[in-house]
Amino acid sequence: MTSIIVVDFGMGNLRSVAKALEHVAPKAKVSISGDVSAIRSADRVVLPGQGAIGGYIKALHDTDLEPAVLEAADTRPFLGICLGQQVLYESSDEHGEDGESVKTLGLFKGQVKHFTHVSADPNAMIDPNTGHQYTIPHMGWNQVKQTRDHPMWHGIDDLSRFYFVHSYCVQSELDEDVAGITSYGVEFTSATARDNIFAVQFHPEKSQHDGLRLLENFVNWDV
Amino acid sequence: MTWRSVRESQTPVRKGNFMGLAKRIIPCLDVRDGRVVKGVQFVDIRDAGNPVEVAARYDEQGADEITFLDITASSDNRDTILHVVEDVASTVFIPLTVGGGIRVLDDVRRLLNAGADKVGINTAAVFNPEFVKEASDHFGSQAIVVSIDAKQVESGDNPRWEIFTHGGRKGTGLDALEWARKMADYGAGEILLTSMDRDGTRDGFDLALTRAVCDTVDVPVIASGGVGNLDHLVAGINEGHADAVLAASIFHFGDYTVQQAKQRMRDAGIEVRVT
């Protein structure tokens, strides 16, 4: 029986992720846990997250889970969701408690930027159809352009819509790390992939059929 | 590396592929003591079923989110909404918002832990605006929807709307546009805007109000109050500039399905999620 851990370090609601995994993998053992040994022994690891990244990375440091998470990201099928994607990059310009940009895990080259700081063009975040600024957070169902084939995309049409809610977005430096992009005034990396890691900005657990399919693909992903 | 180089390097992206963020349709379920009800003008309440079944039906029809408004009066039954949220969140995998009676951080925490994605804060925001700040600091603004109930107090060339509480009975003197700006500044991730003049009338959204609020804040706005037919939904987006439209009775009593609503919006040139 495959075991899946949803990593918990006290940052918000993880029940939805766990429920969705249970729904697509009734035979798997799905647990929400902040226990280092449980994370070390799990077959598959999900790193979810919402809220502000400063508090998120601090909680990750403070709970001693960081080594276990890094080890999982190095060795087993690993799915990052929302902040769980952003935190894999080098830094975020979402201000930490000291007002500086936040240094993150650095497994992927690139930065996390506020939508309004991505482009130097002041009109980038103006909707050409309405002349009005794109609302922030980027909230709702947007399309993901699959930039390459990947087992996690199986059964999901290119340009399918997923549910997003975020104000900061990933700007990857390396094309080979990108599995999907989305456009909201500016384009950003909505799906990241390398080896055993897949990470998405959107919420598969809230993205109905296509989101559940992605989670099912994760459960069956043979790295 | 700039966004431009990312954009140029990530082939095979062809311009025109992206259709953009979809406008959302959100059915709203009034829930009292664990059962779905719908108040017409908040007075004549009829029972329209089991929340889990109704939510699942809307999910099948392609609802983009579901909102519950908890109108449970007795404090003894306050926890029934938590069970409803738990049950719905285990069967329906789209975003859930819960509003009604949320006053302290622990109310927010318990709802989010039960499976809600966002909570709607209404009266508590009016009496204690700092609560919105605290809640968004704690849980992130993505989880905080501020509900604004507005009523027109001046018409003519310079219309004004004010915030009302207690189901539209009590005025507060707060200007609706100023209040919307303040709530966005305080960390509201989204605004649910209800016209108390139109709620329950089926005469359509107050488009002037909707447009005024949408054009004054940078966070997404959900238009609510007064939907009687599908063209009202279209008008809420195209004329009101709303990011999402919320309706209850036209869906509850089977006048239209969410699917039909999306088809009408598509026909009007609005980008929607097709399921």
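Since the model is a prediction, treat every value here as computed from it, not as a measurement.

J.: Before we move on, could you go through the overall build of chain A and cite the residues and values that matter?
T.: In terms of helices and strands, chain A carries six helices and 14 strands. By the compact-globule yardstick of 17 Å for 223 residues, chain A fits well, its C-alpha radius of gyration being 17 Å. Each principal axis of the C-alpha distribution contributes one length, and for chain A these read about 55 × 40 × 30 Å. Considering chain A as a whole, with its 223 residues, one finds that 63% of them fall into the buried category.

J.: Just give me the short version of helix α9 (residues 230-238) of chain B, but keep the residues and values in it.
T.: Residues and elements named next belong to chain B. With seven of nine residues buried, α9 lies mostly within the body of the structure. Turning to α9, its buried residues number three or more, namely L230, H232, L233, V234, A235, G236 and I237. Among the residues of α9, the N-terminal cap falls to N229, whose side-chain oxygen and the backbone nitrogen of D231 are separated by 2.9 Å.

J.: Give a detailed account of the packing of aromatic side chains, specifying residues and quantitative values.
T.: All names here are of chain A. Inspection of every chain in the model, using the stated rule, returns 11 aromatic pairs over all chains. Ring plane angle 85° and centroid distance 5.9 Å describe the contact between F164 and F188, whose orientation is recorded as edge-to-face. Residue F164 is located in strand β10 (residues 161-166), and its partner F188 is located in strand β13 (residues 186-194); the two are separated by 24 residues in the primary sequence. A relative accessible area of 0% means that F164 is categorised as buried. A relative accessible area of 1% places F188 in the buried class. Their ring planes at 75° and their centres at 5.6 Å tell us that F164 and F202 sit as a pair that is edge-to-face. Placement of the pair is F164 in strand β10 and F202 in the loop between β14 (197-200) and α6 (208-220), with a sequence separation of 38 residues. Here F164 matches F202 in class, with each residue buried. Members of the aromatic cluster, connected to one another through ring pairs, are F115, Y134, F162, F164, Y184, F188 and F202.

J.: Explain the sheet that holds strand β11 (residues 168-172) of chain A residue by residue, including any values.
T.: Residue and element names in this part refer to chain A. Here we have four strands laid out as an open sheet, ordered β6-β5-β7-β11, and mixed in their pairing. Every other strand in the sheet has two partners, leaving β6 (102-103) and β11 as the edge strands with one partner each. Where strand β7 (residues 110-114) meets β11, five bridges bridge the pair, whose relative direction is antiparallel. What sits directly across from V112, in β11, is V170.

J.: Tell me what's going on with the confidence of the model for chain B, and back it up with residues and numbers.
T.: All names here are of chain B. On average, residues of chain B score 88 in pLDDT, and 90% of them reach the 70 mark or higher. Low pLDDT (under 50) marks residues 1-16, which in the prediction has 26 contacts with non-local residues, meaning those over four places away or in another chain. Overall, residues 39-47 carries pLDDT values under 50, and its contacts beyond four positions in sequence, including any with other chains, amount to 22 contacts.

J.: Which residues make up the interface of chain B and chain A, and what are the values?
T.: Each partner contributes to the interface: chain B provides 49 residues, whereas chain A provides 47 residues. Approximately 4200 Å² of surface area, both sides summed, lies buried where chain B meets chain A, with 54% of it carried by carbon and sulfur atoms. The interface formed by chain B and chain A holds three salt bridges in total. E86(B) is the partner of R15(A) in a salt bridge, and the nearest nitrogen-oxygen pair spans 3.8 Å. Summed over the shared surface of chain B and chain A, the result is 16 residue pairs in polar contact (both at pLDDT 80 or more). In terms of residue count, the dominant contributor to the side of chain B that touches chain A is helix α1 (residues 3-9) of chain B (four residues). Looking at the side of chain B that touches chain A, its residues break down into 23 nonpolar, 12 polar and 14 charged.

J.: Now, about the sheet that holds strand β2 (residues 29-33) of chain A: what can you tell me, with residues and values included?
T.: Residues and elements named next belong to chain A. One open sheet holds the eight strands; their spatial order is β2-β1-β3-β4-β14-β13-β12-β9, and the pairing between them is mixed. The sheet is open, and its two edges are formed by β2 and β9 (145-146), each paired on a single side. Of the pairings in the sheet, the one linking β13 to β14 comprises four bridges and is antiparallel in character. Pairing of A191 across the sheet is with V200, part of β14. In the packing of helix α1 (residues 15-24) onto the sheet, contacts are made with β1 (3-7), β2, β3 (44-47) and β4 (78-81), and the angle to β2 comes to roughly 170°. Lying over the sheet, α6 contacts β1, β3, β4 and β14, oriented at roughly 145° with respect to β3.

Thresholds applied
- Residues numbered from 1 in each chain as written.
- Chains lettered and ligands numbered in written order.
- Predicted model: local features only at pLDDT ≥ 70, side-chain atom pairs only at ≥ 80, totals over all residues.
- Heavy atoms only, no water.
- Helix = DSSP H or I, 4+ residues; strand = E, 2+ residues; numbered from the N terminus.
- Rg over C-alpha atoms; globule rule 2.2 N^0.38 Å.
- Buried < 20%, exposed > 50% of the residue type's maximum accessible area, 1.4 Å probe, protein only.
- Polar contact = N/O pair within 3.5 Å; in protein donor to acceptor, adjacent residues only side chain to side chain.
- Phe/Tyr/Trp six-rings, centres within 6.5 Å; stacked < 30°, edge-to-face > 60°.
- Pairing = 2+ DSSP bridges.
- pLDDT = per-residue confidence, 0-100.
- Contact = heavy atoms within 4.5 Å.
- Buried area = accessible area lost by both parts, 1.4 Å probe.
- Salt bridge = Lys/Arg side-chain N within 4 Å of Asp/Glu carboxyl O.
- Nonpolar A, V, L, I, M, F, W, Y, C, P; charged D, E, K, R; others polar.
- Axes fitted to C-alpha atoms, helices over the stretch in contact; angles between N-to-C directions.

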